[in-house]
Amino acid sequence: MRTPKATELFMALGLTITLVGCAGETVTEDTVDTTSEAPVAEIAEGGEGGEGGTEYSEGEQANADFQDKLSGAELLGALQEGGHVIYFRHAQTERDYADQADPNMSLDDCDTQRKLSDVGIQQSQDIGAAFTEKAIPVDDVITSEYCRAWQTADLAFGRHEKDSKLNFLPFEEYTDAQVEEMKANVMPLLTAVPESGQNTVIVGHDDIFEAATGIYPAPQGLAYVLTPDGAGGFELVANMLPEEWANL
C-alpha cells in the first residue's frame, strides 16, 4: 500500500493508538498495552479497541510509512510460486468496540461478538474470488477463535482452522509482559515455512500483528505478505487492501 493512500485512509477513519516502548521494530516486534502499571500501547483505534483520535501512534505511522518490496505482476508471481504467509486482519465489522473486554462476550456465541458488516462480507468474498482468479495457492488457513476472523476465512477460502494463539488478550490495554505473550504466541505461525509451492493464510487481529511487527494494520481487511526465512524470522514484503487483490 502506498503511503499517501494509507495516510488518507487513516485520516478518514480517525485511527489512533498510543505506543510507548518496543513498538516500531522492523520485522518482529510490536507492542500493545493492557494495564495501568506498565502501559505500552493503548488501543484507541476502534479496531479491537476504543475511540479514535487525531494523532498517529508509532504503530500507525509504521503502517502508513510501509513501502512494498514487491508489487503488481512481480508480487503476483512470487505469490503464485508460494512460500509466503499472508496475514489478514479480519474484514470490516458493523462497528468497532473492544468486545474482548466485554464480560458477556463468549467465543462460542457469535451473537455476543462484533459481526462482519455487509461491506466486510463482500470484502471477504472478493478476496477469495481474486485468489482463485489469480491462481494464488493456499494451503493452511489459520484463524483466531473470534467469529469475525473465521467467518472472513470461510467466506474467502471456504475453510479455516482455529488457533487460540491468534486470540488477542482480553484487555483494552496491555502491559509489556502481555505484549510479549502475544508476540510469543503468534511468532511461530508467522515464521513457519509453508509447504513447497503453497502459501499460508492467517486471519487475525490488529493487536496480535502489532505485537510481532510494530505495525498496526489498518484498516480492517488489510493484509501483510511475509516471507519466512526458515531461521525463525521473516521479511515483510507487501501489504494489500481488500480491493487490491483483484488488481494484481
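Structure's up top.
Being a predicted model, the structure only gives us computed values, none of them experimental.

### Concerning helix α2 (residues 58-65)
(1) Moving on: For α2, the full list of buried residues reads Gly59, Glu60, Asn63 and Ala64. Down the axis of α2, the smallest arc covering the buried residues is 140 degrees, so these residues share one side.
(2) Moving on: Its side-chain oxygen 3.3 Å from the backbone nitrogen of Gly59, Ser57 forms the N-cap of α2.

### Structural notes on the pairing of strand β7 (residues 200-204)
(1) Moving on: Along β7, five of the five residues are buried, which leaves the element largely enclosed by surrounding structure.
(2) Moving on: Where strand β3 (residues 85-89) and β7 come together, five bridges link them in parallel fashion. Bridge pairing in β7 links Phe88 to Val203.
(3) Moving on: Summarising the sheet, strand β4 (residues 141-143) and β7 pair through three bridges and their orientation is parallel. Following the sheet pairing, Ile142 is matched in β7 by Ile202.

### Examining the sheet that holds strand β5 (residues 161-162)
Two strands in a sheet stick together by hydrogen bonds in their backbones, pointing the same way (parallel) or opposite ways (antiparallel).
(1) Moving on: Read from one edge of the open sheet, six strands run β5-β4-β7-β3-β8-β9, paired in mixed fashion. With partners counted over all chains shown, the strands left at the sheet margins are β5 and β9 (234-240), one partner each.

### Structural notes on the nonpolar core
(1) Moving on: Tyr87, Leu190, Ile202, Tyr224, Leu226 and Leu236 are the most contacted members of the largest nonpolar core, which has 28 residues in total.
(2) Moving on: Of all the secondary structure elements, the ones that give two or more residues to this core are β3, α6 (176-191), α7 (206-213), β8 (223-228) and β9.
(3) Moving on: Counting residues per element, this core draws most heavily on α6, which supplies six residues.
(4) Moving on: Contact partners of Leu190, with chain neighbours within four places excluded, come to Val85, Tyr87, Ile202, Ala212, Leu226, Pro228 and Phe234.

### Quick notes on the pattern of salt bridges
(1) Moving on: Applying the stated criterion across every chain yields a total of one salt bridge.
(2) Moving on: As a salt-bridge pair, Arg89 and Asp206 come within 3.2 Å of each other at their nearest N and O atoms. Taken together, the residues Arg89 in strand β3 and Asp206 in helix α7 connect sequence positions 117 residues apart. Judged on exposure class, the residue Arg89 and its partner Asp206 are both buried.

### Topic: the state of the cysteines
(1) Moving on: Summed over all chains, the structure comprises one disulfide.
(2) Moving on: With a sulfur-sulfur separation of 2.1 Å, Cys110 is cross-linked through a disulfide to Cys147. The sign of the S-S torsion, about -85 degrees, decides the handedness of the disulfide formed by Cys110 and Cys147: left-handed. Taken together, the residues Cys110 in the loop between β3 and α4 (118-133) and Cys147 in helix α5 (residues 147-157) connect sequence positions 37 residues apart.
(3) Moving on: When its relative accessible area of 25% is taken as the criterion, Cys110 is described as partly exposed.

### Structural notes on the packing of α4 against α5
(1) Moving on: With their axes 7 Å apart at the nearest point, α4 and α5 run at an angle of 40 degrees to one another. Compared by their axis directions, α4 and α5 come out oblique. Every pair of crossing elements has a handedness; the one defined by α4 and α5 is right-handed. When α4 is examined against α5, the residues Ile121, Ser124, Gln125, Ile127, Gly128 and Phe131 are found in contact with a partner set consisting of Thr152, Leu155, Ala156 and Phe157.
(2) Moving on: Of the residues in the contact of α4 with α5, the class split is six nonpolar, four polar and no charged.

What counts and how
Residues numbered from 1 in each chain as written. Predicted model: local features only at pLDDT ≥ 70, side-chain atom pairs only at ≥ 80, totals over all residues. Heavy atoms only, no water. Buried < 20%, exposed > 50% of the residue type's maximum accessible area, 1.4 Å probe, protein only. Helix = DSSP H or I, 4+ residues; strand = E, 2+ residues; numbered from the N terminus. Arc of directions from axis to C-beta. Polar contact = N/O pair within 3.5 Å; in protein donor to acceptor, adjacent residues only side chain to side chain. Pairing = 2+ DSSP bridges. Core = buried A, V, L, I, M, F, W, Y, C linked by side-chain atoms within 4.5 Å. Contact = heavy atoms within 4.5 Å. Salt bridge = Lys/Arg side-chain N within 4 Å of Asp/Glu carboxyl O. Disulfide = S-S within 2.5 Å. Axes fitted to C-alpha atoms, helices over the stretch in contact; angles between N-to-C directions. Parallel < 35°, antiparallel > 145°, perpendicular 65-115°, else oblique. Left-handed = near helix turned anticlockwise from the far one by under 90°. Nonpolar A, V, L, I, M, F, W, Y, C, P; charged D, E, K, R; others polar.

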